[in-house]
Amino acid sequence: MKALLTSFDLLLIASALLIMTAGLARRWSLWRKKKPASASGDWGGLADALVKHRDILKRPSVGGAHLAAFWGVVIPLIVIIAAQFGFIIPQAPADLLSLVQDLAGFALLVGILYLMFRRIRGADSQGPARTLVPMVLLLIIVLSGFLAEGARMSILETAAIPWQSPAGWLFSVVSPSSPLFMQMMIRLHFFAVLLLIVAVPFTFMRHAAASPLNVFYRKRGPRAALTLPSIDAGQIGAKSVEDLSWKQMLDAEACVACGRCEENCPASISNKPLSPRKVIRNIREQMETVAADHKGLRNQPDAPLLETGVSADEMWACTSCMACVEHCPICVEPLDKIIEMRRYQVMGEARLPAEARPMIRDLEIYGDTQGKGVAHRADWAMHQGVPQMSQAPPLNGSDLDVLLWVGCAGAFHPRNQETSRAMVKILSAAGIGFAILGKEEICCGDPARRIGDEILFRKLARANIDRLNHYQVKKIVTMCPHCLNTLKNEYPELGCNLEVIHATEMVLQLIRDKRIVLKYPVADKMVVHDACYLGRYNQVYQQPRDICRSVPGVQLEEAERNRDKGFCCGGGGGRMWLHENIGQNINVVRAEEMANSGADMIGAACPYCLVMLDDGVKSLEMEKTPKVADIIDIVADAMG
Amino acid sequence: MKIIVCAKQIQHTYARTGTLPESNYISPEDNIYRVDPHDEAALELALRLKDQREDATVTLLTLGPMIAETEIRRCLAAGADDLVRVVDPNGAPPPENEASASDPLNQPDPWVKSDLIARAVENLGGDLALCGKASLDRSSSQVGALLAHRLDRPFVSAITDLSMDETGGTLRVQRSAGRGVREIIECQLPAVFSVDLGTELRMPKFSRRQWARDYVPRQLEMATDSDIPKLRCTHRFQPRPRPKIIPAPDSRLHAYDRIMQLLTGSTIEKSGEMLTGDTESQVAGIITFLKANGILESDHADT
Ligand code: SF4
Ligand code: SF4
């Protein structure tokens, strides 16, 4: 590294950089000119991801190896580039720099060896393709570097172990003290570096360019809230990859196929054909095919359709649990692509699993998922003295603290109706001024939206927003996390900005303020099931647990997978209405896991989870199965 | 081949949650406006035929005011080629006449309706006319038969499936003959069928939805006054809301019997004793029974 570069070397470097840039530019043309997406750069997130490897380190071993390799490349690179300018630096810092350099190289060596070992051991056959080339190159680079350093040191024949360069000294033991060898090693090092630069666009090293870019442009704001397509402009989902926005394509380009999404995907875990990693890989493969088509390299008249890459079974297996989005270290979102594909299937092709059709039809004509109609929407509240917005005495802003949003499940499903009544009991006991929309409420639109029927979603949402505006509602509380997510995160795009909170958030506050008192024990050991739409979608993890803790005599257990790793109940994303014919039933898998925690009561905070887990628990073959209850019910019971 | 599907836009009352006796305890949100599901089934059968045969066209025909416009446009979007509205040339809200003015549902009688439809079908040159077996609001089940009569065509009621042979001359329909009995009937064109429930209308594709949204329905001017109404509905009574009583299972029975009781609709089999012998001994038997059950208390009865 001390040798300054000749002009020929400079030429080589320049051409390597040129090839790299050209290669990257060609890759980028796959997605660069595609449909626009609103995305803004996020320097903070990028710095977090690069410097601290925040998300990558969620898996400590391989994350650590990556961190080591990353810094093992970046530090020497900076030092060597700086060295070319021939700064005169005093001895002490120079020694320190040398030490850092040495240690960084060593970290790279260890990191790469670990990663290579993992790859060769081949536990993961689906792993990224073409990873071995850059790994071997990196290994050559670091070994030749150390050997050159070792040779230099054995030429100098230093007796003591130089503290500035311990690893180099180690290598000096094996390297001959020949200047020729040293020169050879330096050339090898240099050419390997050139090759690596050239290899960036064509091998797995591409991720070094695409992944940080993806983190930089990652989606911000409410997480996994679907974006509103402009339907009239023909955005009705993704038929082929060309219907995706550039950001969605960048996602596919950036994916390193690490498989973390798949390991947390309930569909993959329960042996369904869906794997978010495969979805992303298919998208990338199709991007490449489409690009080849445009260049006339292939003789295919039609651009390949997504449906040929991603089957119906795959796209309908998704529960929209967001685990894939949560666990991707580089902010790739397989979920929104699956929804885009569903949108095209449902709106463009009118292809929808037959089981879900009656539900959609009920939403169209009756405005609820059960087809009971708005006339019956307030039946659960009959003779309960539940104040309704439309009824006298008129509630104005001052009397009304909060609007209780009931949701279809809470209004019609017998199990969930109990929860609605329990919530009414809690709110009345706490002296909160609340009201329901009653017959004026219709489905928030979540089931339609997740299934892909954006037109229907809009129709429902607009009607609801009209009502909310009419009554000038400021704050909403709801028992249903799906309603919560839709009202809070997705209605703003339609121009409805309200404060929306989940029942557990509100109830916890009431308990803390001592406005309600929990007197009676309900269970000994409880375990909380994290609803996807409450936890991962809205970061409400702690409140349900705190509520359970404040019930007298409750000992709280944790399920094996909890909080952001929480396992879906299998009911989200419209799956509630679809048959589950392939693999295990997700709700049974989850129910078993919850039961194994040793609890005698499972607390759910979502009407879907409640029903799904209840079904799951019932089909367990166990001596004593836990009961499933909504946390709101538990609170109402504990109040006596 | 031209298929005409009659689609009736109805006000369907699915609930009775109102409080006022004058309104028959029906509040506005107890109604939905939709195309009659029988007619939707008819449309689906027509569309399936159209999928098989390239020369087939499907025309939707509707009478009366457009009270369920989104729904009828949805039907159009599902795959029909055009939508024809029968309107009164005199500008009166179609079709209005003496009878319909006093009709509780504000509809003309089936005789008048079938006349209008028959003339429309002839005007449009329809080879096959399909309509629903009945409608959810009036449920007279007459229009199909009367239409066939007026057009002098063969008629099959309550069909559930429809196909055509290769040559294109014969239609083969499946008919539900009640209590699960099915019939396969072959029929020559032109014909009139009425369609039973059971087939679900397909979902429309987006491109068709957009086309249907902007579609301007064709108007067919058809005067009604030539035909004198023959039927008149003078009253229409809503059912009185009655509380449903489900008897609790007899608690003295074993669990198995209780479950059986629930499953069989809680009819309890009657058991009794047959009295035999001459009249004297039968009377004596009755009196003994009544006494034994504490229904008769004194002995004075037999003196
Ligand atoms: S999408 Fe993310 S988590 Fe999944 S394989 Fe790709 S990089 Fe890994
Ligand atoms: S949202 Fe959940 S079910 Fe769907 S692909 Fe991602 S992890 Fe799998």
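Placed above this text is the structure.
Not measured: the values here are computed from a predicted model.

**Comments concerning the site of ligand 2**
All names here are of chain A.
Okay, so step 1: Neighbouring ligand 2 are 13 residues, the closest being C265, C318, C321, M322 and C324.
Okay, so step 2: Among the secondary structure elements, those contributing two or more residues to the shell around ligand 2 are helix 15 (323-327) and helix 16 (334-348).
Okay, so step 3: Grouping the constituent residues of the shell around ligand 2 by class yields 11 nonpolar, 2 polar and no charged.

**Some points on the site of ligand 1**
Okay, so step 1: Every residue near ligand 1 is listed here: C255, V256, A257, C258, G259, R260, C261, R277, C328, P329, I330 and V332 of chain A.
Okay, so step 2: For the shell around ligand 1, the class distribution of residues is 9 nonpolar, 1 polar and 2 charged.

**Topic: the pattern of salt bridges**
A side chain of one charge can pair with a side chain of the opposite charge when the charged atoms of the two come close.
Residue and element names in this part refer to chain A.
Okay, so step 1: Counted by the stated rule, this structure contains 57 salt bridges over all chains.
Okay, so step 2: Here R450 and D446 are joined by a salt bridge, their closest N and O atoms 3.0 Å apart. Highlighted residues: R450 and D446, both in helix 20 (residues 446-451), separated by 4 residues, approximately one helical turn. Each of the two residues, R450 as well as D446, counts as buried.
Okay, so step 3: Residue D546 is joined to R512 by a salt bridge in which the shortest nitrogen-to-oxygen separation is 3.1 Å. Within this pair, whereas D546 is found in helix 24 (residues 542-550), its partner R512 is found in helix 23 (residues 503-512), the two being separated by 34 residues in sequence.
Okay, so step 4: The network of salt bridges with shared partners includes E340, R343, D446, R449, R450, E454 and E490.

**Quick word on the packing of helix 4 (residues 110-124) of chain B against helix 5 (residues 143-151) of chain B**
All names here are of chain B.
Okay, so step 1: Packing of helix 4 against helix 5 leaves a shortest axis separation of 8 Å and a crossing angle of 50°. The angle between helix 4 and helix 5 places the two elements in the oblique class. As for how helix 4 packs across helix 5, the hand of that crossing is right-handed. Contacts from P110, W111, K113, S114, D115, I117, A118, V121 and E122 of helix 4 reach helix 5 at V143, L146, L147, H149, R150 and L151.
Okay, so step 2: Within the contact of helix 4 with helix 5, the residues separate by chemical class into 9 nonpolar, 2 polar and 4 charged.

**Here's the deal with the environment of A151 of chain A**
All names here are of chain A.
Okay, so step 1: Its place among the elements puts A151 in helix 5 (residues 132-156).
Okay, so step 2: Remark: the alpha-carbon pair of A151 and I632, spanning 481 residues in sequence, is separated by 72 Å.
Okay, so step 3: The residues contacting A151, other than those within four sequence positions of it, are S175, P176, S177, F181 and M182.

**Remarks on the side chain of R458 of chain A**
Residue and element names in this part refer to chain A.
Okay, so step 1: Topologically, R458 is positioned in helix 21 (residues 454-470).
Okay, so step 2: As a buried residue without a salt bridge, R458 has its nearest oppositely charged side chain in E454, at a separation of 4.1 Å.
Okay, so step 3: Every residue in contact with R458, bar those within four places of it in the chain, is listed here: L228, P229, I231 and L494.

**So, the interface of chain B and chain A**
Okay, so step 1: Every contact between the two is made by 20 residues of chain B and, on the other side, 22 residues of chain A.
Okay, so step 2: For the pairing of chain B and chain A, the buried interface totals around 1,800 Å² over both sides, and the portion due to carbon and sulfur atoms is 56%.
Okay, so step 3: In this structure, the connection of chain B to chain A is made through 5 salt bridges.
Okay, so step 4: E364 of chain A is the partner of R74 of chain B in a salt bridge, and the nearest nitrogen-oxygen pair spans 3.1 Å.
Okay, so step 5: Where chain B meets chain A, there are 8 residue pairs in polar contact (both at pLDDT 80 or more).
Okay, so step 6: For the side of chain B that touches chain A, the secondary structure elements donating two or more residues are strand 3 (31-35), helix 2 (69-79) and helix 6 (206-214) of chain B.
Okay, so step 7: Looking at which element gives the most residues to the side of chain B that touches chain A, the answer is helix 6 of chain B, with 4 residues.
Okay, so step 8: Residue classes in the side of chain B that touches chain A are distributed as 6 nonpolar, 4 polar and 10 charged.

Reading guide: rules and limits
- Sequence order sets the numbering: in each chain, residues are counted from 1 along the sequence as written.
- For this description, chains carry letters from A and ligands carry numbers from 1, given in the order in which they are written.
- With the structure being a predicted model, the display of local features is reserved for residues of pLDDT at least 70 and the display and counting of side-chain atom pairs for 80 or more, all residues being used for whole-chain, interface and lining totals.
- Water and hydrogen atoms were dropped before computing side-chain values, which therefore reflect all heavy atoms in the structure.
- Near residues are defined by distance, with any heavy atom within 4 Å of the molecule or strand qualifying the residue.
- Strands here are runs of E lasting at least two residues and helices are runs of H or I lasting at least four, both read from the DSSP assignment and numbered beginning at the N terminus.
- Amino acid classes used here: Ala, Val, Leu, Ile, Met, Phe, Trp, Tyr, Cys and Pro are nonpolar; Asp, Glu, Lys and Arg are charged; the rest, including Gly, are polar.
- Here, a salt bridge means any side-chain nitrogen of Lys or Arg that lies within 4 Å of a carboxyl oxygen of Asp or Glu.
- When accessible area is computed with a 1.4 Å probe and restricted to protein chains, residues below 20% of their type maximum are described as buried, those above 50% as exposed, and intermediate ones as partly exposed.
- Angles shown run from 0 to 180 degrees and are taken between the N-to-C directions of axes, each axis being a line fitted to C-alpha atoms and, for helices, limited to the stretch in contact.
- Every angle not falling under 35 degrees, over 145, or within 65 to 115 is termed oblique; those three ranges are roughly parallel, roughly antiparallel and roughly perpendicular.
- For any pair of crossing helices, the crossing counts as left-handed if the nearer helix is rotated counterclockwise from the farther one by less than a right angle, and right-handed if it is rotated clockwise.
- For this analysis, residues touch if any pair of their heavy atoms sits within 4.5 Å.
- His is not counted, nor are the chain ends; Lys and Arg add positive charge and Asp and Glu add negative charge.
- What counts as buried area is the accessible surface, traced by a 1.4 Å probe, that two parts surrender upon association, with contributions from both included.
- Distance and chemistry together define a polar contact, namely a pair of N or O atoms within 3.5 Å, with one atom able to donate a hydrogen and the other to accept it when in protein, and with adjacent residues in sequence counting only for side-chain atoms on both sides.

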